[in-house]
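Below, each chain spelled out in residue letters.
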Amino acid sequence: MTDLPRLEVGRVTKAHGLKGEVVIDLVSDYPEVRLAPGSRLWTGEQELVVRSSRPFQQRWLVRVEGVHDRTGAERLAGRTLSAEPLEDPEALWVHQLIGSRVVEQGSGVERGRVVAVVANPAHELLELDSGALVPIVFVQSCEDGVTLITPPEGLFDVES
């Protein structure tokens, strides 16, 4: 287990069928890792070990160890699932971005701190403590609590 906090990776929406499967809305870009047999997920402090999974209408049908019937599956409905962070040096992780200082690459102008990552149909947005929104496509790197960005001209201009 790592020292990093677990990341939210999905939610159990409901039981499916009579043999203990649950329907999961996955919010991870790594379904092949998160839902592979033997993978570990948590609902709070309760650990769930994945037995099997398969795609189902933009969601996943998953069986976990110790859940063999609909009653057991229904007990998991509505629970948020978390997992340990994955090692991927190319990825930007929400837990790295939140709280980081946002600095323009080149000029060194500091634009504030990231308070949230907001889902958006085109690209996720960094919400800064100043209220500014920065599309994630302008993020170049995030290391040691500093997020470097290359914003287009006018991104931070506010009309009065």
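Residues numbered from 1 in each chain as written. Predicted model: local features only at pLDDT ≥ 70, side-chain atom pairs only at ≥ 80, totals over all residues. Heavy atoms only, no water.

Undergrad: Lay out the overall build of the protein chain in plain terms, naming residues and giving numbers.
TA: Across its full length, the protein chain holds three helices and 12 strands. A compact globule built from 160 residues would reach a C-alpha radius of gyration of about 15 Å, whereas the protein chain, at 19 Å, exceeds it by more than 25%. Each of the 160 residues in the protein chain was classed as buried or not, and the buried ones make up 34%. In the protein chain, 49% of the contacts between residues at least 6 apart in sequence involve partners at least 24 apart. Between the mean site of the 16 positive side-chain charges and the mean site of the 25 negative ones, the protein chain shows a separation of 14 Å. (Helix = DSSP H or I, 4+ residues; strand = E, 2+ residues; numbered from the N terminus. Rg over C-alpha atoms; globule rule 2.2 N^0.38 Å. Buried < 20%, exposed > 50% of the residue type's maximum accessible area, 1.4 Å probe, protein only. Contact = heavy atoms within 4.5 Å. Lys, Arg positive; Asp, Glu negative; His and termini not counted. Charge placed at Lys NZ, Arg CZ, Asp CG, Glu CD.)

Undergrad: Could you give me a rundown of the nonpolar core, with the residues and numbers involved?
TA: Of all hydrophobic cores here, the largest spans 16 residues; its most connected members are V22, L41, V62, L76 and L81. If you list the elements that add at least two residues to this core, you get β1 (7-16), β2 (21-26), β4 (46-56), β5 (59-64), α2 (70-76) and β6 (80-83). Here this core gets three residues from one element, more than from any other, and that element is β1. In this structure, L76 is in contact with V12, V22, Q46, L48, V64 and V67, ignoring residues within four places of it in sequence. The next biggest cluster of nonpolar side chains, apart from the first, holds 12 residues, and it includes A132, V139, C142 and I149. (Core = buried A, V, L, I, M, F, W, Y, C linked by side-chain atoms within 4.5 Å.)

Undergrad: Please provide a residue-by-residue account of the sheet that holds strand β12 (residues 146-149), values included.
TA: A sheet is described by the order of its strands in space; here six strands give the open sequence β10-β9-β8-β7-β12-β11, paired in mixed fashion. Here the strands that pair on one side only, and so sit at the sheet edges, are β10 (133-135) and β11 (139-143). In this sheet, neighbouring strand axes are inclined to one another by 35° on average, regardless of whether the strands run parallel or antiparallel. By the bridge criterion, four bridges tie strand β8 (residues 110-118) to strand β9 (residues 125-128) in an arrangement that is antiparallel. Following the sheet pairing, V117 is matched in β9 by L126. (Pairing = 2+ DSSP bridges. Axes fitted to C-alpha atoms, helices over the stretch in contact; angles between N-to-C directions.)

Undergrad: Which residues make up the confidence of the model for the protein chain, and what values go with them?
TA: Atomic detail in the predicted coordinates should be set aside for any region of low pLDDT. The pLDDT averaged across the protein chain works out to 89; a share of 94% of its residues lies at or above 70. Within the protein chain, α2 carries the highest mean pLDDT (97), whereas helix α3 (residues 94-97) carries the lowest (77). (pLDDT = per-residue confidence, 0-100.)

Undergrad: Outline unusual backbone geometry, supporting the account with residue identities and numerical values.
TA: A positive phi is found at Q58, a non-glycine position, where the angle reads about 60°. One non-glycine residue, D144, lies in positive phi territory at about 50°.

Undergrad: Tell me about the side chain of S100, and please be specific about residues and values.
TA: Within the secondary structure, S100 sits in the loop between α3 and β7 (101-104). A polar contact of 2.7 Å, which involves the side chain of S100, links it to the backbone oxygen of L97. (Polar contact = N/O pair within 3.5 Å; in protein donor to acceptor, adjacent residues only side chain to side chain.)

Undergrad: Tell me what's going on with the side chain of R34, and back it up with residues and numbers.
TA: Within the element layout of this structure, R34 appears in helix α1 (residues 31-34). Among buried Asp, Glu, Lys and Arg side chains, R34 stands out as unpaired, with E84 the closest opposite charge at 7.6 Å. Leaving out residues up to four positions away in the same chain, R34 has contacts with V9, S28, S39, L41, V50, A83, E84, P85 and L86. (Salt bridge = Lys/Arg side-chain N within 4 Å of Asp/Glu carboxyl O.)

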